[in-house]
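# Coordinate inspection notes
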Amino acid sequence: MQQYAEVILPLPLYGTFTYHIPEDMMGLINVGYRVIVPFGNKKFYTGIVAALTPIAPTGYEVKDIAKTLDNHPIIRHPQLKLWEWAAEYYLCTMGDVFKAALPAGLKVESETFLELNRDFEEDPENRLSEREIIVCQLLDHSGRMTPTEIEKKTGFKNIVALANRLLEKEAIIISEKLVERYTSRKETYVKILADRNNSLEIEKLFAAVKGAKKQETALLALIELSSFARPTESIKEVLRDDLTQRSGVTNAIVKAMADKGIVEIYRKEINRFKYSGAVAGNVPTLSPAQTVALNQIHDCFNDKSVTLLHGVTSSGKTEIYIHLIDFVMRGKGQALYLVPEIALTTQLTRRLQRVFGDKVIIYHSKFSDNERVDIWKKLLESNEPCVVIGARSSLFLPFSNLSLVIVDEEHESSYKQQDPAPRYNGRDLAIVLASMHGAKTLLGSATPSIETYYKATSGKYGLVTLSERYEGVQLPEIKVIDMALSRRKKTAIGTFDSTTTTLAHDALNRGEQVIFFLNRRGYAPMARCKQCGWVPKCEHCDVSLTYHRRWNQLVCHYCGSTYPQPTICPACKEPGVDTLGYGTERVEDEVEAMFPDYKIERMDLDTTRNKDGYANIIDDFSKRKSQILVGTQMVTKGLDFDGVSLVGIVNADSIINFPDFRATERAFNMLEQVAGRAGRRNTQGTVAVQTTQPQHPVITHLVNHDYMGHYNMEIQERQQFHYPPFTRIIDIYLKHRDSAILSEISVIYSNRLRELFGNRVFGPEEPYISRIQSLFIRKIMLKVETNASMKKVKEILRATYEQMHQDPRMKGMMIYYDVDPM
């Protein structure tokens, strides 16, 4: 009987693909297994088996599965269900979710290689260009290379087109090869080849080493290290390196013992992660207010699957989380602790490890492919209690007994994946993941999102409030500094008003620390000619360029393109190009000039690109090796620094003034969160807010730490203008290289949608940034009822997409959806 497999491929294509299971693989393949399958003319991909069926497809020739990679499922059933839900709700394909969910190290894919054709003879009438000659010389020297490797070596762009020209001239040969990225880590172990309960076998061991002093020393050391002579203890595995270090013998001596049959030397695959620090094992003592909150959470979990913990900054939410994790792990369950930024894992991991030791697992995108696969395999092969701490990508791990999901700082927009698909919200997906495992979800925040607080107050979620700071510490005092007035009075020098600098001097003189927050990286947001007003813009995006003094370059923060800083204006030919505005680099320079005796750290995307970037900066500041921290929104998210007494918000206006219905919410959350970094232990902190809009509602609510005032104002506006949580928004993006074609098609597309959805359709409109990476952009907004079926909406949008593709102008058009945009 023939059998077929429905396979998910890591491609943005709808549905699964049917492959025939060859006779020699029958019974060796099941749901959740990885398989290598051919796709297209030459490509091979790693696919995941979603289902088995005896029914042969009709209408096309079915290809065979090329290879199976596993003898057990690599993903669990709840993961497949989560993939299906994410693809349906976020209007993308299962392939999109697969590509995001599975570590690259578990995907074996065919890769293109270029090599020099040794029989090539140059045609005098079709000579090689200078670039083509350089590539051929590189291939002659290095052998076979991928296009990416060539691009890195030469710096040439569009290597694929160049390779195609070389192929036409028969100068190179192109081949495909299956490449596996994961390499396991193995260690060498030694064990005694005798039964510990058999005295005759033990006598033979010592007889075999008699007269060989070093072997006898090694044997005694191995007996001690392995607990071989302690019958009440289980025998431990011993690393060969540990044995040679303890006994002082060489590997050759151990090899000689193995040749005599005294010991066995064997290699074993191990996990890369091992915690060797101290473990206190005790959960932190809670204050009376924390204890009440913890008990209320347990009560809420009796009736609700999801509970919101609304606790002010520095109220001790983390201690409550630890108690809940301990409760779950004592019941043999697993917990997932989600944080919005990788930076947060550094501090939190240490706090958790002091209680739970090696039961703490860290997972995020800064880890290498090998490290991520090791964590995946550890969870796949073990049902032991543990707590995983990580960013949103950890939602896709293969949990076996998930009992609790904690989403810390649940309001954070960082939980939302922007590009590429799936454009999911980690908070919302966490709730779905927990429900599929029968687990509970705790959402925590000092400034809950409007949608979450609405669900909590309307009874959908449980609600627990923690309104006092730990140990009675007061909320920080907010000092609002009117920068328009400061400029008129000339009390502002550069970025800072004199009030801010005086407060910073006072804090530093007391031995305290200071944070300066500005949500803009780089040295200056733009450059401009002082003579004619010319502003350099990105060639590929509709944005001005940001000057980065560190590299002395202009950088596009949307596509990453870099340009030299011009000394002569290309428009008026005068030497008057200057930089305008402030980024974190420039603020860092000003702070260094004002406070030359103090060490300053900067935390933004540019200083934290490598895996240890976050940890080094946070460590130095936590240990007070640095006294001033300048940073972007990374410094706002739950970091706990004992010594900070002042937070300076350099330019609050840049956060408030943004054309988006969430702008006010985002601004209040960010400012209140960064304010919460001040006065975290025994003293009241101070926050200096520099703004030209001191009467703005965001500022007045911030001064009073008035979350409820902020919430009530926002919820009324949302209800009045039909925004979430009263509707669900889907943004439909259309992109094309031709602006005229895009304009025409976007109007036709929106009119077609209006015929189906009526007045729920808005646009098309040009977004704030209307061209990125040489693609012009239009946005259509669709507002649908919260109880509308996303499956039905997806079917309508898919049918409209297919109808529109009958128009030849759709060639080259890119269309995608952003559900619940942030």
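Residues numbered from 1 in each chain as written. Predicted model: local features only at pLDDT ≥ 70, side-chain atom pairs only at ≥ 80, totals over all residues. Heavy atoms only, no water.

### Some remarks on the overall build of the chain
Broken down by element type, the chain carries 25 helices and 35 strands. Its C-alpha radius of gyration of 31 Å places the chain within 12% of the 28 Å reference for a compact globule of 822 residues. Structurally, the chain occupies a C-alpha span of about 95 × 80 × 60 Å along its principal axes. When the 822 residues of the chain are sorted by exposure, 52% land in the buried category. Looking at the chain alone, contacts between residues at least 24 apart form 75% of all its contacts between residues at least 6 apart. Carbon and sulfur atoms provide 48% of the accessible area of the chain, an area that totals close to 38100 Å². Of the charged side chains in the chain, 103 are positive and 101 negative, and the gap between their average positions amounts to 2 Å. (Helix = DSSP H or I, 4+ residues; strand = E, 2+ residues; numbered from the N terminus. Rg over C-alpha atoms; globule rule 2.2 N^0.38 Å. Buried < 20%, exposed > 50% of the residue type's maximum accessible area, 1.4 Å probe, protein only. Contact = heavy atoms within 4.5 Å. Areas by Shrake-Rupley, 256 points an atom, 1.4 Å probe, with all protein chains shown as cover. Lys, Arg positive; Asp, Glu negative; His and termini not counted. Charge placed at Lys NZ, Arg CZ, Asp CG, Glu CD.)

### Quick word on helix H17 (residues 498–509)
Across its 12 residues, H17 extends 16 Å between first and last C-alpha, which sits within 8% of the 16 Å expected from 1.5 Å per residue. Of all the positions in H17, only Thr-500, Thr-501, Leu-503, Ala-504, Ala-507 and Leu-508 are classed as buried. Angular distribution of buried residues about the axis of H17 spans 160 degrees; they occupy a single face of the element. Where H17 ends, the next residue or the one after it, Gly-511, has phi of about 80 degrees, a positive value. (Expected span 1.5 Å × (residues − 1). Arc of directions from axis to C-beta.)

### Re the nonpolar core
Counting 142 residues, the largest nonpolar core has Trp-83, Ile-325, Tyr-337 and Ile-732 as the members making the most contacts within it. Element by element, the count of residues in this core is highest for helix H11 (residues 317–330), at seven residues. Grouped together as the second largest cluster of nonpolar side chains are 20 residues, Ile-481, Leu-503, Phe-516 and Ile-600 included. (Core = buried A, V, L, I, M, F, W, Y, C linked by side-chain atoms within 4.5 Å.)

### Describing unusual backbone geometry
Of note, the amide linkage connecting Asp-419 to Pro-420 takes the cis form, showing an omega dihedral of -5 degrees. By the element assignment, Pro-420 lies in the loop between strand S15 (402–408) and helix H14 (426–437). Here Gly-763 and Pro-764 are connected by a cis peptide whose omega angle stands at 15 degrees. With respect to the helices and strands, Pro-764 occurs in strand S32 (residues 761–765). One non-glycine residue, His-705, lies in the positive phi region at around 50 degrees. Following the sequence through the fold, His-705 ends up in the loop between helix H22 (697–703) and helix H23 (707–720).

### Remarks on the environment of Ile-815
Within the element layout of this structure, Ile-815 appears in strand S35 (residues 814–819). For Ile-815, a relative accessible area of 15% translates into the label buried. In this view, Ile-815 contacts Ile-732, Tyr-733, Leu-734, Tyr-749, Tyr-801 and Met-810; residues no more than four positions away in its chain are not counted.

### What about the side chain of Asp-497?
Tracing the sequence through the fold places Asp-497 in strand S20 (residues 496–497). No salt bridge forms around the buried Asp-497; measuring N to O, its nearest opposite-charge neighbour Arg-487 is 7.7 Å away. In this structure Asp-497 touches Ile-481, Met-483, Ser-486, Thr-491, Ala-492 and Gln-690, once residues within four positions along its chain are discounted. (Salt bridge = Lys/Arg side-chain N within 4 Å of Asp/Glu carboxyl O.)

### A closer look at the pairing of strand S28 (residues 628–631)
Side chains Ile-628 and Val-630 project from S28 onto one buried face, and the interleaved Leu-629 and Gly-631 project onto a second face that is buried too. Judged from the four bridges that link them, strand S21 (residues 513–517) and S28 form a sheet pairing that is parallel. In the strand pairing of S28, Phe-516 is matched with Val-630. (Pairing = 2+ DSSP bridges.)

### A short note on the pairing of strand S31 (residues 728–736)
For S31, the buried fraction is high: nine of the nine residues fall into the buried class. Side chains of S31 alternate between two faces, with Arg-728, Ile-730, Ile-732, Leu-734 and His-736 and Ile-729, Asp-731, Tyr-733 and Lys-735 buried alike. When S31 meets strand S34 (residues 775–784), the two strands line up antiparallel, connected through nine bridges. In the sheet register, Asp-731 faces S34, and the bridge partner there is Met-781. Bridging between S31 and S35 involves six bridges; their strand directions are antiparallel.

### Some details on the sheet that holds strand S25 (residues 562–564)
Read across the open sheet, the three strands follow the order S23-S24-S25; overall the sheet is antiparallel. Both outer strands of the open sheet, strand S23 (546–548) and S25, are each paired with one neighbouring strand and no more. Across this sheet, the average inter-strand angle for adjacent strands is 35 degrees, counted without regard to direction. Alignment of S23 against strand S24 (residues 553–555), held across three bridges, turns out to be antiparallel. (Axes fitted to C-alpha atoms, helices over the stretch in contact; angles between N-to-C directions.)

### Details of the packing of helix H6 (residues 199–208) against helix H7 (residues 213–226)
To characterise two packed helices, one gives the angle between the axes of the helices and the distance between these axes. The contact between H6 and H7 brings their axes to 9 Å, and the two run at 145 degrees. Between H6 and H7, the contacting residues are Leu-205, Phe-206 and Ala-208 on the first element and Gln-215, Leu-219, Leu-220 and Ile-223 on the second. Looking at the contact of H6 with H7 residue by residue, the classes come out as six nonpolar, one polar and no charged. (Nonpolar A, V, L, I, M, F, W, Y, C, P; charged D, E, K, R; others polar.)

### With respect to the sheet that holds strand S14 (residues 386–390)
Hydrogen bonds between backbone groups are what pair the strands of a sheet, and the pairing can be parallel or antiparallel. Strand order in the open sheet formed by seven strands is S13-S14-S12-S15-S16-S11-S17, with parallel pairing between adjacent strands. Each edge of the open sheet is held by one strand with a lone partner, namely strand S13 (360–363) and strand S17 (462–466). Each strand axis lies, on average, 20 degrees off the axis of its neighbour in the sheet, ignoring direction. Judged from the five bridges that link them, strand S12 (residues 334–338) and S14 form a sheet pairing that is parallel.

### Looking at the pattern of salt bridges
Under the definition given, this model contains 39 salt bridges. In this structure, the salt-bridge partner of Asp-326 is Arg-330, at a minimum N-O distance of 2.9 Å. You can see Asp-326 and its partner Arg-330 sitting in helix H11, four residues apart, about one turn around the helix. Its relative accessible area of 18% is what places Asp-326 among the buried residues. On the basis of relative accessible area, Arg-330 is assigned to the exposed category, the value being 58%. Asp-807 is paired through a salt bridge with Arg-809; the nearest N and O atoms lie 2.7 Å apart.

### What to know about the environment of Leu-294
For Leu-294, the location among the structural elements is in helix H10 (residues 288–303). Along the backbone, Leu-294 and Lys-317 are 23 residues apart, and their C-alpha atoms lie at a distance of 9.5 Å. Apart from the residues lying within four places of it in its own chain, the contact partners of Leu-294 are Leu-286, Ile-320, His-323 and Leu-324.

### What about the packing of aromatic side chains?
With the rule as written, the count across this model stands at 17 aromatic pairs. A ring pair is formed by Tyr-89 and Tyr-90, whose centres lie 4.9 Å apart and whose planes are at 85 degrees; its orientation type is edge-to-face. By relative accessible area, which is 2% here, Tyr-90 ends up buried. With 4.5 Å between their ring centres and 20 degrees between their planes, Phe-661 and Tyr-723 make a pair best called stacked. Of this pair, Phe-661 sits in the loop between helix H20 (653–656) and helix H21 (663–675) while Tyr-723 sits in the loop between H23 and S31, and the two are 62 residues apart along the sequence. Given a relative accessible area of 22%, Phe-661 falls into the partly exposed group. (Phe/Tyr/Trp six-rings, centres within 6.5 Å; stacked < 30°, edge-to-face > 60°.)

### Examining H23
Its 14 residues place the ends of H23 20 Å apart at the C-alpha level, agreeing with the 20 Å of an ideal helix rising 1.5 Å per residue. Here H23 has its buried residues at Tyr-707, Gly-709, His-710, Tyr-711, Glu-714, Ile-715 and Arg-718. Against strand S11 (306–311), helix H15 (450–457), H21 and H22 lie the buried residues of H23. Just downstream of H23, His-722 is the residue with a positive phi angle, here 60 degrees.

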